[in-house]
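Residues per chain, in single letters:
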Amino acid sequence: MSNVHELQFLKEKIQELKDQGVYRKLPVLEGANEAEVILNGKKVINLSSNNYLGFANHPRLKKAAVEVVDKYGVGAGAVRTIIGNMDIHEEMEKLLAEFKREEAVMVFQSGFNCNAGTIQAVTEKGDLIVSDELNHASIIDGARLSRADKTVFKHANMNHLEEVLKENRDKYRNILIITDGVFSMDGDIAPLPDIVNLAEKYNAMTYVDDAHGSGVLGESGRGTIDHFGLHGRVDFTIGTLSKAIGVIGGYVAGSHTMKDWLSHRGRPLLFSTSLPPATVGAIMEAVKLLMSTTEYTDRLWDNAKYFKEKISKLGYNIGNSGTPITPVIIGEEGKTMEFSKKLFDHGVFASGIVFPTVPKGTGRVRCMVTAAHTKEQLDRAVDIFKTVGEEMKLF
Ligand SMILES: Cc1ncc(COP(=O)(O)O)c(C=O)c1O
């Protein structure tokens, strides 16, 4: 019998990954997350970060972080329910609630654990969670932690959602409909007005994970709810502070009652130390910046439209994205990874995404255009897409 501490069982699984051609090392970024970076020792145009507005290395955010560190130190020192709830955490939540045009906001340490903590806290045995089949992994994990029953509806399919609601409404106490606001692999926007109407018709609650809509859609990045004018009609709106906001953290926006309850039962708040002061200072600066100007979101959309138009003119299939997320769909898995590698060799980093993250045969490189890209960088990237497409005879 092998010694279990040699982790032979894991070595075998790692070998399986290698046999399937999906084993990889983590790429190493030298320096800050910028539009052009040194990745694995090579200078490349970065088309793969969620740093939509270029805030991750913004001088004003860095300055704010340093100033807060001087006064509050580098760590919060405890969970929020004990002594880790600083006045700046409270201030940040008030500011976010104002930005999101909601009654209250509760901040968690990441978008991931916001979903993990909130879904289980607001549902229980006797409830039903109804989730879009393409929802993010953190929603799936959050739902798994809940004692409620779970079911999925076909992606953005309102007929199917209504069928599920009709069939189940009388069998459960509360029903929670969960959807991403923007789906991260295709960039499509959820049909939120229809979802909210169905929720109201069947007396169900709504939960929108707007990780890729916050800072992108709506007035100066207020998100998908603002984009559709649905304020006050969605019960729980999740946002991240790690993507457009450029720092780290997640939050749920909604009612005072929601916040009151999460402060007692949101497990990541009760059992994990709160966000460090530097991140809080930088987050507040980012939100203030967004509330004072639409310059960043305007530039993001301008760049996104520019890039999409040029890439589709080359003859690539860029799917049905309604946001800056631009999938360039190649199809077959091996070919997709080869395409991504060739782009990298020529100076563009656009990560390849294949089955099981997306359905078989729909492999793509996912391009994330940001406000920080210059037109010159985007032109160079487009030229490289042209060269590689010709090399691989894609059109
Ligand atoms: C839809 C969605 N929800 C949640 C998350 C997790 O957010 P964070 O990176 O802030 O933990 C992500 C990030 O990948 C996401 O795309």
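Predicted model only: the values in this text are computed from it and were never measured. (Residues numbered from 1 in each chain as written. Predicted model: local features only at pLDDT ≥ 70, side-chain atom pairs only at ≥ 80, totals over all residues. Heavy atoms only, no water.)

1. Quick notes on the overall build of the protein
A count of helices and strands for the protein gives 14 helices and 14 strands. For 395 residues, the compact-globule formula gives about 21 Å, and the C-alpha radius of gyration of the protein, at 22 Å, lands near that figure. Across its three principal axes, the protein shows a C-alpha extent of roughly 60 × 60 × 55 Å. Every one of the 395 residues in the protein was classed for burial, and the buried ones make up 51%. Put simply, 69% of the contacts in the protein that link residues at least 6 apart link residues at least 24 apart. For the protein, the accessible area works out to roughly 18,300 Å², and carbon and sulfur atoms hold 52% of it. The positive charge centre, built from 47 side chains, and the negative charge centre, built from 51, are 2 Å apart in the protein. (Helix = DSSP H or I, 4+ residues; strand = E, 2+ residues; numbered from the N terminus. Rg over C-alpha atoms; globule rule 2.2 N^0.38 Å. Buried < 20%, exposed > 50% of the residue type's maximum accessible area, 1.4 Å probe, protein only. Contact = heavy atoms within 4.5 Å. Areas by Shrake-Rupley, 256 points an atom, 1.4 Å probe, with all protein chains shown as cover. Lys, Arg positive; Asp, Glu negative; His and termini not counted. Charge placed at Lys NZ, Arg CZ, Asp CG, Glu CD.)

2. Here we look at the UniProt feature "domain: Aminotransferase class I/classII large" (unreviewed entry) in the protein
As recorded in UniProt, the sites labelled "domain: Aminotransferase class I/classII large" (unreviewed entry) are residues 42-383. In residues 42-383, helix accounts for 43% and strand for 17%; the two terminal C-alpha atoms are 18 Å from one another. (UniProt positions renumbered as here; feature names shortened; annotations may be inferred.)

3. Thoughts on the sheet that holds strand β14 (residues 363-368)
On the basis of which strands lie adjacent, the open sheet formed by three strands has the order β11-β14-β13 and antiparallel pairing. Each edge of the sheet is formed by a strand with only one pairing partner; in this case those strands are β11 (325-331) and β13 (352-353). (Pairing = 2+ DSSP bridges.)

4. Side note on the pairing of strand β6 (residues 149-153)
As paired strands, strand β5 (residues 128-132) and β6 are joined by five bridges and run parallel to one another. Bridge assignment links Ile129 to a residue of β6, and that residue is Lys150. In the classification by handedness, the crossover that spans β5, the intervening helix α5 (residues 137-144) and the parallel β6 is right-handed. (Right-handed = clockwise from strand over helix to strand, strands pointing away.)

5. Topic: the site of the ligand
Close to the ligand lie 14 residues, the nearest being Phe112, Asp209, His212, Ser242 and Lys243. Between the ligand and the protein, one listed contact pairs a nitrogen atom with a side-chain N or O atom of Asp209 at 2.6 Å. Here His212 contributes a side-chain N or O atom positioned 3.0 Å from an oxygen atom of the ligand. Protein chains shield 83% of the accessible area of the ligand, which is 390 Å² for the free molecule. Looking at side-chain class alone, the shell around the ligand contains two nonpolar, nine polar and three charged residues. (Near = heavy atom within 4 Å. Polar contact = N/O pair within 3.5 Å; in protein donor to acceptor, adjacent residues only side chain to side chain. Nonpolar A, V, L, I, M, F, W, Y, C, P; charged D, E, K, R; others polar.)

6. Digging into the domain arrangement of the protein
Annotation of the protein at the domain level lists domain 1 (22-51 + 294-392) and domain 2 (59-292). One C-alpha centre belongs to domain 1, the other to domain 2; they are set 27 Å apart. Counting from both sides, the interface comprises 20 residues of domain 1 and, opposite them, 18 residues of domain 2. For the pair domain 1 and domain 2, the interface holds one salt bridge. Asp186 serves as the salt-bridge partner of Arg364, at 3.0 Å between the closest nitrogen and oxygen. At the boundary of domain 1 and domain 2, one finds seven residue pairs in polar contact (both at pLDDT 80 or more). Only α12 (295-314), β11 and β14 provide two or more residues apiece to the side of domain 1 that touches domain 2. Ranked by residues supplied to the side of domain 1 that touches domain 2, first place goes to α12 with four residues. The class makeup of the residues in the side of domain 1 that touches domain 2 is nine nonpolar, nine polar and two charged. (Domains from an automatic or database assignment. Salt bridge = Lys/Arg side-chain N within 4 Å of Asp/Glu carboxyl O.)

7. Digging into the UniProt feature "modified residue: N6-(pyridoxal phosphate)lysine" (unreviewed entry) in the protein
Listed under "modified residue: N6-(pyridoxal phosphate)lysine" (unreviewed entry) in the UniProt record, and renumbered for this structure, are Lys243. Along the chain, Lys243 falls in the loop between β9 (236-240) and β10 (250-254).

8. A few points about a nonpolar patch on the surface
On the surface, a cluster of nonpolar side chains totalling about 660 Å² of accessible area is made up of Val4, Leu7, Phe9, Leu10, Ile14, Leu17, Val22 and Tyr23. With respect to the secondary-structure elements, Val4 resides in the segment before α1 (8-19). (Patch = residues over 30% accessible without salt bridge, like charges linked within 9 Å, V, L, I, M, F, W, Y side chains within 5 Å.)

9. Observations concerning the pattern of salt bridges
This structure, assessed with the given rule, holds 22 salt bridges. In this structure, Glu285 and Arg60 form a salt bridge, with 2.8 Å as the shortest nitrogen-oxygen distance. With a gap of 225 residues between them, Glu285 in helix α11 (residues 277-292) and Arg60 in helix α2 (residues 59-72) connect regions that are remote in the sequence. Its relative accessible area of 16% is what places Glu285 among the buried residues.

10. Details of the packing of helix α4 (residues 111-122) against helix α9 (residues 256-265)
Direction vectors running N to C along α4 and α9 enclose 105°, while the axes themselves pass 10 Å from each other. With respect to each other, α4 and α9 are oriented roughly perpendicular. Taken together, the residues of α9 that come into contact with α4 (itself represented by Thr118, Ala121 and Val122) are Trp261, Leu262 and Arg265. Here the contact of α4 with α9 is composed, by residue class, of four nonpolar, one polar and one charged. (Axes fitted to C-alpha atoms, helices over the stretch in contact; angles between N-to-C directions. Parallel < 35°, antiparallel > 145°, perpendicular 65-115°, else oblique.)

11. Some points on the sheet that holds strand β2 (residues 36-39)
Judged by pairing direction, the sheet is mixed, and its four strands sit side by side in the order β1-β2-β3-β12 without closing on themselves. Of all strands in the sheet, those bounded by a partner on one side alone are β1 (29-30) and β12 (348-349). Across two bridges, the pairing between strand β3 (residues 42-46) and β12 is parallel. Of the residues in β12, the one forming a bridge with Ile45 is Val348.

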